[in-house]
Amino acid sequence: MILVYSESKNLTIELLHKATDLAKELKTKTIAIIIGKDDDSLAQEYIAYGADKVLQVESNLEQYKAEEYADILDHIIKDTKTQVVLIGSDKNGKELASRLAGRLDIGCIIDATNVYIKDGKVTAERVVYSGNAISVEQFNSAPSVITVPSKVFDPSPKDDKRKGDIEKVKASFEKSASIVANVAELQSGGVNVEDAEIIVSCGRGMKNKEDLKLVNDLAEVLKGKTIGCSRPIAADLKWLPEEHWIGLSGHKVKPKLYIAAGISGQIQHIAGMRDSGVVVAINKDADALIFKSADYGIVGDLYKVLPKLTEAIKAKMG
Ligand SMILES: Cc1cc2nc3c(=O)[nH]c(=O)nc-3n(C[C@H](O)[C@H](O)[C@H](O)COP(=O)(O)OP(=O)(O)OC[C@H]3O[C@@H](n4cnc5c(N)ncnc54)[C@H](O)[C@@H]3O)c2cc1C
């Protein structure tokens with residue numbers, strides 16, 4: 001079996017695409033897991049996106065605790081003779097995967113950028129050394145526990161006629177001794193760069209916080225309206241909140257259009273936006289690294305280029 005689990009619906013759907021490919025090669029089936037929610041329509045949706053079976057795990061868990069979730073998955077893995085476990089690579093997913101692998105005394109690959117079968121072995125790729133190299137790793141024993149970040153795989157086309165089983169099971173786990181003392185919600189301005197289709201991003205080429213208006217104006221005339229930034233803008237200068245930060249240690253994005261203004265294109269920034277569709281770079285330095293990752297390059301002063309671009313797009317779009 002190939003098990004798929006993530007707290008995020010979108011990520012589960014993306015992972016189901018890869019799980020379906022692996023299941024074909026390994027001549028097995030896919031199972032999506034839902035923990036704590038009795039939601040038949042969600043289960044049907046997972047079937048439409050490739051799950052052969054959905055296990056709805058009934059539990060009265062009040063809060064997420066990785067050790068209890070690892071216990072639940074451990075039982076499912078043993079009951080279903082699972083070969084591969086794909087887990088969404090968010091904060092909780094990474095903790096869950098490593099605890100699960102520890103319990104099962106097997107290997108674990110975090111943040112895979114590809115998963116496939118080579119020479120009969122489950123193989124995964126990871127970006128290492130700040131994006132300068134790709135590490136190819138293979139599992140020698142089963143099951144293989146792998147986490148995959150969002151946007152690595154596209155969902156397969158939805159097929160509402162697809163048939164699959166929905167099974168409700170009682171959660172089997174040992175109560176953890178740990179206590180969640182406090183849960184504080186992160187205050188966000190509702191920005192979600194990871195799902196944005198158009199991003200206008202800025203970097204240290206900006207001289208003042210007020211100049212972000214130039215980026216905002218361009219984002220405004222484009223339908224996406226989302227602005228991103230390099231690390232110094234969010235982490236050092238704090239001109240924008242961290243939810244706009246793109247890169248290795250920020251958000252990974254995959255928009256159809258990424259406009260980078262005044263960003264040098266260091267590998268740590270590229271690591272977060274290299275999967276973008278069309279990349280347009282604006283930089284006054286013709287030798288800036290960003291041009292190597294761009295489809296279109298404008299060599300010029302962003303203070304002159306951005307207003308002209310905004311006006312031109314405004315005129316074109318009426
Ligand atoms: C472990 C680690 C993790 C990191 N993670 C991230 C990350 O997630 N995201 C990230 O972005 N960085 C990250 N960094 C930092 C990264 O290495 C770079 O320092 C950073 O991306 C540089 O940001 P920048 O391009 O905005 O600034 P700079 O490198 O200072 O570049 C500014 C650019 O603006 C151009 N410019 C200046 N004025 C103008 C103008 N008027 N018009 C047009 N162009 C102009 C310059 O030619 C230059 O190319 C990380 C670093 C480390 C060590």
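Residues numbered from 1 in each chain as written. Predicted model: local features only at pLDDT ≥ 70, side-chain atom pairs only at ≥ 80, totals over all residues.

Some points on the overall build of the protein chain
Link 1 in the chain: Secondary structure assignment for the protein chain yields eight helices and 15 strands.
Link 2 in the chain: A compact globule built from 318 residues would reach a C-alpha radius of gyration of about 20 Å, and the protein chain, at 22 Å, matches this within 12%.
Link 3 in the chain: Referenced to the eigenvectors of the C-alpha coordinate spread, the extents of the protein chain come out at roughly 65 × 45 × 40 Å.
Link 4 in the chain: When the 318 residues of the protein chain are sorted by exposure, 38% land in the buried category. (Helix = DSSP H or I, 4+ residues; strand = E, 2+ residues; numbered from the N terminus. Rg over C-alpha atoms; globule rule 2.2 N^0.38 Å. Buried ≥ 20, exposed ≤ 12 C-beta atoms within 10 Å, placed from the backbone.)

A few points about helix α5 (residues 212–221)
Spacing of three or four residues puts side chains on the same side of an α-helix, whose turn is 3.6 residues.
Link 1 in the chain: Listed in full, the buried residues belonging to α5 are L214, V215, L218 and A219. All buried residues of α5 fall inside an arc of 130° around its axis, so they share one side.
Link 2 in the chain: Where α5 is buried, its residues touch β11 (198–202), β12 (226–229), β13 (257–261) and α8 (302–317). (Arc of directions from axis to C-beta. Contact = placed C-beta atoms within 7 Å.)

Topic: the sheet that holds strand β2 (residues 30–35)
Link 1 in the chain: The sheet built from seven strands is open, its strands ordered β5-β9-β4-β1-β2-β3-β10 with parallel pairing. Here the strands that pair on one side only, and so sit at the sheet edges, are β5 (108–109) and β10 (165–170). (Pairing = 2+ DSSP bridges.)

Overview of the domain arrangement of the protein chain
Link 1 in the chain: We note that the domain assignment places domain 1 (2–170) and domain 2 (193–317) within the protein chain.
Link 2 in the chain: Placing the centre of domain 1 and that of domain 2 at their C-alpha centroids yields a distance of 33 Å.
Link 3 in the chain: Across the contact, seven residues belong to domain 1 and nine residues belong to domain 2.
Link 4 in the chain: Its residues assigned to classes, the side of domain 1 that touches domain 2 shows two nonpolar, four polar and one charged. (Domains from an automatic or database assignment. Nonpolar A, V, L, I, M, F, W, Y, C, P; charged D, E, K, R; others polar.)

Points about the packing of helix α3 (residues 66–80) against helix α4 (residues 91–104)
In helix packing, the relevant descriptors are the interaxial angle and the interaxial distance, both defined with respect to the helix axes.
Link 1 in the chain: Interhelical geometry of α3 versus α4 gives an angle of 55° and a closest axis separation of 9 Å. Between α3 and α4, the angle falls in the class oblique. In the crossing of α3 with α4, the sense of the turn from one axis to the other is right-handed. On α4, the residues that touch A66, E67, Y69, A70, L73 and D74 of α3 are N92, E95, L96, R99, L100, R103 and L104.
Link 2 in the chain: Residues of the contact of α3 with α4, tallied by class, amount to seven nonpolar, one polar and five charged. (Axes fitted to C-alpha atoms, helices over the stretch in contact; angles between N-to-C directions. Parallel < 35°, antiparallel > 145°, perpendicular 65-115°, else oblique. Left-handed = near helix turned anticlockwise from the far one by under 90°.)

A closer look at the site of the ligand
Link 1 in the chain: Surveying the vicinity of the ligand reveals 25 residues, the closest of which are G203, R204, G205, G247 and S264.
Link 2 in the chain: Within the residue set of the shell around the ligand, elements represented by two or more residues are α6 (231–236), α7 (267–273), β14 (278–283) and α8.
Link 3 in the chain: A per-element tally of the shell around the ligand places α7 first, with three residues.
Link 4 in the chain: Residues that form the shell around the ligand fall into these classes: seven nonpolar, 13 polar and five charged. (Near = placed C-beta within 6 Å.)

Here we look at the sheet that holds strand β6 (residues 112–118)
Link 1 in the chain: Taken in spatial order, the three strands of this open sheet run β6-β7-β8, and their pairing is antiparallel. Edge positions in the sheet fall to β6 and β8 (133–138), since each of these pairs with one other strand and no more. Along the sheet, successive strands turn relative to each other by an average axial angle of 25°, direction set aside.
Link 2 in the chain: Where β6 and strand β7 (residues 121–128) come together, six bridges link them in antiparallel fashion. In the sheet register, Y116 faces β7, and the bridge partner there is T123.

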